[in-house]
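Take a look at the letters that make up each chain.
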Amino acid sequence: MSLFCFQISSEQEDERIDKCIASLMDSLSRSYIQKMIREGNVAVNGRPVRQNFRVSADDEVSFFLPEAVEPQILPEDIPLDILYEDDDLLVVNKPKGMVVHPAAGHYSHTLVNAVLFHCRGQLSGINGVLRPGIVHRIDKDTTGSVLICKNDAAHRSIARQLKEHSIVRRYRAIVCGSLKEEEGTVDAPIGRDPSDRKKMAINRKNGKEAVTHYRVLQRFSGYTCIECRLETGRTHQIRVHMASLGHPLLGDAVYGPKKSPFSFLEGQTLHAMILGFVHPVTGEYVETCAPLPEYFEHLLRIL
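In this report, we go over the structure that sits alongside the text.

Cut-offs used in this document
- Residues numbered from 1 in each chain as written.
- Predicted model: local features only at pLDDT ≥ 70, side-chain atom pairs only at ≥ 80, totals over all residues.
- Heavy atoms only, no water.
- Pairing = 2+ DSSP bridges.
- Helix = DSSP H or I, 4+ residues; strand = E, 2+ residues; numbered from the N terminus.
- Expected span 1.5 Å × (residues − 1).
- Contact = heavy atoms within 4.5 Å.
- Polar contact = N/O pair within 3.5 Å; in protein donor to acceptor, adjacent residues only side chain to side chain.
- Phe/Tyr/Trp six-rings, centres within 6.5 Å; stacked < 30°, edge-to-face > 60°.
- Lys NZ or Arg CZ within 6 Å of the ring centre and 35° of its normal.

## Some details on the sheet that holds strand β4 (residues 60–65)
- The strand order across the open sheet built from four strands is β1-β4-β2-β3, with neighbouring strands paired in antiparallel fashion. Looking along the sheet, the strands with just one partner apiece sit at the ends: β1 (2–7) and β3 (47–48).
- As judged from the six bridges shared by β1 and β4, these two strands associate in the antiparallel manner. Looking at β4, one finds that S2 is bridged to L65.

## So, helix α4 (residues 152–163)
- Given a rise of 1.5 Å per residue, twelve residues ought to cover 16 Å, and the 16 Å separating the end C-alpha atoms of α4 matches this to within 8%.
- Taken together, the buried residues of α4 touch β6 (89–94), β7 (143–149), β8 (168–176) and β14 (270–278).
- If you check the start of α4, you find a side-chain oxygen 3.4 Å away from the backbone N of A153, and it comes from N151.
- Immediately beyond the C-terminal end of α4, within one or two residues, lies H165, with a positive phi of roughly 65°.

## Structural notes on the packing of aromatic side chains
- By the definition in use, this model includes three aromatic pairs.
- Aromatic rings pair up to connect Y223, F262 and F264 into one cluster.
- One cation-aromatic arrangement involves R120 over F117; the distance from NZ or CZ to the ring centre is 4.7 Å.

## Some remarks on the environment of E294
- With respect to the secondary-structure elements, E294 resides in helix α6 (residues 294–302).
- Polar side-chain contacts of E294 include one of 2.7 Å to the side chain of R301.

Spatial relationships are all this shows, so hold off on functional conclusions.
Here is the structure:
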């Protein structure tokens, strides 16, 4: 069990204890923090508190966080659409509806389960048993290229390129409405939405740098097909940035309209098409292209 201690500032005066901890430990959900409070793992000035407790300036908060118990992740014989593979790396074209790595509620049928079977356990262990080989990810309903590292040296090299923003990542998307400009850049930090912690939002106070470049590929009545190039890779970055312009992704019920006019569409219309990087061993530039999935092509024909 790990112990976290912090002092309440004057700006946090009279906040509920669960909200206060959530703002300081943004990796934890409010519901999990409330569970910890009920189990007696949160104390203020040395005394356990209830969920509705409100803090005062200079209060000393102690939060006991139990050690995570990682479940055993099993290999599964799930077919993979492989775009590139060698002894160090694997690039997979992820289908719609597949979760990249195991998490609460999704401990099987993930990309990691499939990769564990395909690679026979020969994967980077840097991110632990839940995310072996995973150096970046895309959302469940986003399709396209995911890069997997088979050893720690490759993982460190790719992680460094991601940090330096040198990896090429170009996405295809269909957004609602007609963009005024033919191309543009959204430079706005992204962090947790303070009113809904399951969502991300432009957060100029606590967000991390996020930059998305976009250009129009094709215009339709009421919709626009665009290419987005990422400089950074924040959670839900393209979805949040395009919604901030008033042009949410078609099918994105989280950041756009709750109902889609196309009944067959499940989730946002977003595809990670081009992935380019410097190979960690050969030093050569490698670029892969994931073809548009059938649902995306079908939408373009309809539009």
